[in-house]
Amino acid sequence: MTDLLKLMLTLFLILLMLARRWNLGLVLFLASALVGLLFARPLPDLALDFLHALTAPLTLRLAAVVVLIMMLGEFLRETAGLERMVEGLEGLLPDARVMMALWPAFIGLLPMVGGAMFSAPLVQQLGDRLEATPERRTFVNYWFRHMWEYVFPIYPAFLVGTALLGIPERQATAVLWPLFAASLVGGVLFGLLGVRRVGGNNLRRGWASLRLVVQSGWPVALVLALALALHVDLVISLLVTLVLLALVQRVRMRVVWQIVRHRIPWQTVAVVFGAMLFRGVLEACGAVASVPATLAELGVPVWVTLFTVPFVVGFLTGLGAGAFSIGFPIILPLLSHNPPGAGEVAWAWAGGFLGVMMSPMHLCLALTREYFQADWGRLYRRLVPAMLLVMAVAGGMLVLL
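Not measured: the values here are computed from a predicted model.

## Details of the side chain of Thr162
Reasoning step 1: Its location among the elements puts Thr162 in helix α9 (residues 156-165).
Reasoning step 2: In this structure, Thr162 is in contact with Ile167, Glu169, Ala172 and Trp349, ignoring residues within four places of it in sequence.

As structure tokens, this is what we get:
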């Protein structure tokens, strides 16, 4: 019970610092030091724990991947690749309802700061044509943008989650695709169903648009082909794509330097180091070893804890990296297998990510709701059923797999 109280105190202080808008990376560094002190870790050993966690090959690889992903997004923005892809998509789609969902989904293929607001103007324009309510526009722009995060291996939160669970990215994608499918179905049922059909493009424009999409979207396709189809390491896949994109678009080194210096949110990289440090210190201190037994004594079912801990953290932080980096290390000792089975991965992952998706502190939700001037209550009447659908699929996987 004492160890559980120490962890609860640590979690409370983490949430308190995040509520005061402290950077998550800094918070995790401080929480790691606090765990070491609460569990009486000798200072020399704690210093070595910090050193080993921060210089581990896995930590450095994750940080490199996150930086390269953000650079790719900025390269595409700099070369107007995203704008040309939008123009091409508009010519391909015969139904404005599909376009309203596909554009935020397409933007979601590349994690970038302000992505939800990037897609919002087009959704607003299409929403006017479709006579969609502000809540429906908010839901579509928000929900379809984030559905990729269950399976896409270039999201920082995805990489942190797989690393903490100890499973390869490809395996996680193979396990979590039913959650992606459930999210897609939920988006259609609660976002698009009931909206009148508007649209229609001619075939000639369609062929020209397809060419435009191919010409502007090849960097994304190349990363996916190398990493997923050919199993090339993600760092190498991103480096190759960035170099080719810079050569083809003649991106000057001065521009590259400006992107690295001014447009990469380095606080996001700090989250990667903080997450791996927090996990390492928890393991070194044995901080969570007694948690399963304590929860069993309290009569809390393991399956409830596996979902609830990541959900609560995700809801209170509004951050996928926060839900996984704080929640997963606490529940790791509760998993029945190492590495965990498919059902446990899906159930715990759904808990963390759905907590983030339901959180009013999630920046994308807050900004999108404000942009469309949606009512919170009517918006949640769309979000909650979609969440329950994903949760039901994850629960079925926990029972069956």
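## What to know about the environment of Leu72
Reasoning step 1: The topology assignment puts Leu72 in helix α4 (residues 57-78).
Reasoning step 2: For Leu72, a relative accessible area of 2% gives the class buried.

## Describing the packing of aromatic side chains
Reasoning step 1: For the structure on display, the rule yields 12 aromatic pairs.
Reasoning step 2: Plain terms: the ring middles of Phe328 and Trp349 are 6.0 Å apart, the flat faces sit at 55 degrees to each other, and that makes the pair tilted. Here Phe328 is found in helix α17 (residues 320-331), whereas its partner Trp349 is found in helix α18 (residues 342-357), with 21 residues between them in sequence. By the burial criterion, Phe328 is buried, and Trp349 matches it.
Reasoning step 3: Through a chain of ring-to-ring contacts, three or more aromatic side chains come together here, namely Phe158, Phe324, Phe328 and Trp349.

## Digging into the pattern of salt bridges
Reasoning step 1: Counted under the stated rule, the structure contains three salt bridges.
Reasoning step 2: One salt bridge connects Asp49 with Arg41, and the closest N-O pair in it is separated by 2.8 Å.
Reasoning step 3: On the accessibility criterion, Asp49 (11% relative accessible area) is buried.
Reasoning step 4: Two residues, Glu135 and Arg378, come together in a salt bridge whose shortest N-O distance is 3.7 Å. Residue Glu135 is found in helix α8 (residues 134-146), and its partner Arg378 is found in helix α20 (residues 376-400); the two are separated by 243 residues along the sequence.
Reasoning step 5: Take Glu135: its relative accessible area is 7%, and that puts it in the buried class.

## Observations concerning a nonpolar patch on the surface
Reasoning step 1: Side chains of Ile236, Val240, Val243, Leu244 and Leu247 sit close together on the surface and give an oily, nonpolar patch of about 430 Å² of accessible area.
Reasoning step 2: Positionally, Ile236 belongs in helix α12 (residues 234-249).
Reasoning step 3: You can call Ile236 partly exposed: its relative accessible area is 46%.

## Describing helix α6 (residues 96-107)
Reasoning step 1: Between its first and last C-alpha, α6 extends 17 Å over 12 residues, near the 16 Å set by a 1.5 Å rise per residue.
Reasoning step 2: Across the 12 residues of α6, nine count as buried, placing the element largely inside the fold.

## Points about the packing of α8 against helix α10 (residues 169-192)
Reasoning step 1: The interhelical angle for the contact between α8 and α10, taken along N-to-C directions, is 170 degrees, at an axis separation of 9 Å. Accordingly, the angle class assigned to the pair α8 and α10 is roughly antiparallel. Between α8, through Arg136, Phe139, Val140, Trp143 and Phe144, and α10, the contact on the second element is made entirely by Ser183, Leu184, Gly186, Gly187, Val188, Phe190, Gly191 and Leu192.
Reasoning step 2: Here the contact of α8 with α10 is composed, by residue class, of eight nonpolar, four polar and one charged.

Rules used in this analysis
- Residues numbered from 1 in each chain as written.
- Predicted model: local features only at pLDDT ≥ 70, side-chain atom pairs only at ≥ 80, totals over all residues.
- Heavy atoms only, no water.
- Helix = DSSP H or I, 4+ residues; strand = E, 2+ residues; numbered from the N terminus.
- Contact = heavy atoms within 4.5 Å.
- Buried < 20%, exposed > 50% of the residue type's maximum accessible area, 1.4 Å probe, protein only.
- Phe/Tyr/Trp six-rings, centres within 6.5 Å; stacked < 30°, edge-to-face > 60°.
- Salt bridge = Lys/Arg side-chain N within 4 Å of Asp/Glu carboxyl O.
- Patch = residues over 30% accessible without salt bridge, like charges linked within 9 Å, V, L, I, M, F, W, Y side chains within 5 Å.
- Areas by Shrake-Rupley, 256 points an atom, 1.4 Å probe, with all protein chains shown as cover.
- Expected span 1.5 Å × (residues − 1).
- Axes fitted to C-alpha atoms, helices over the stretch in contact; angles between N-to-C directions.
- Parallel < 35°, antiparallel > 145°, perpendicular 65-115°, else oblique.
- Nonpolar A, V, L, I, M, F, W, Y, C, P; charged D, E, K, R; others polar.

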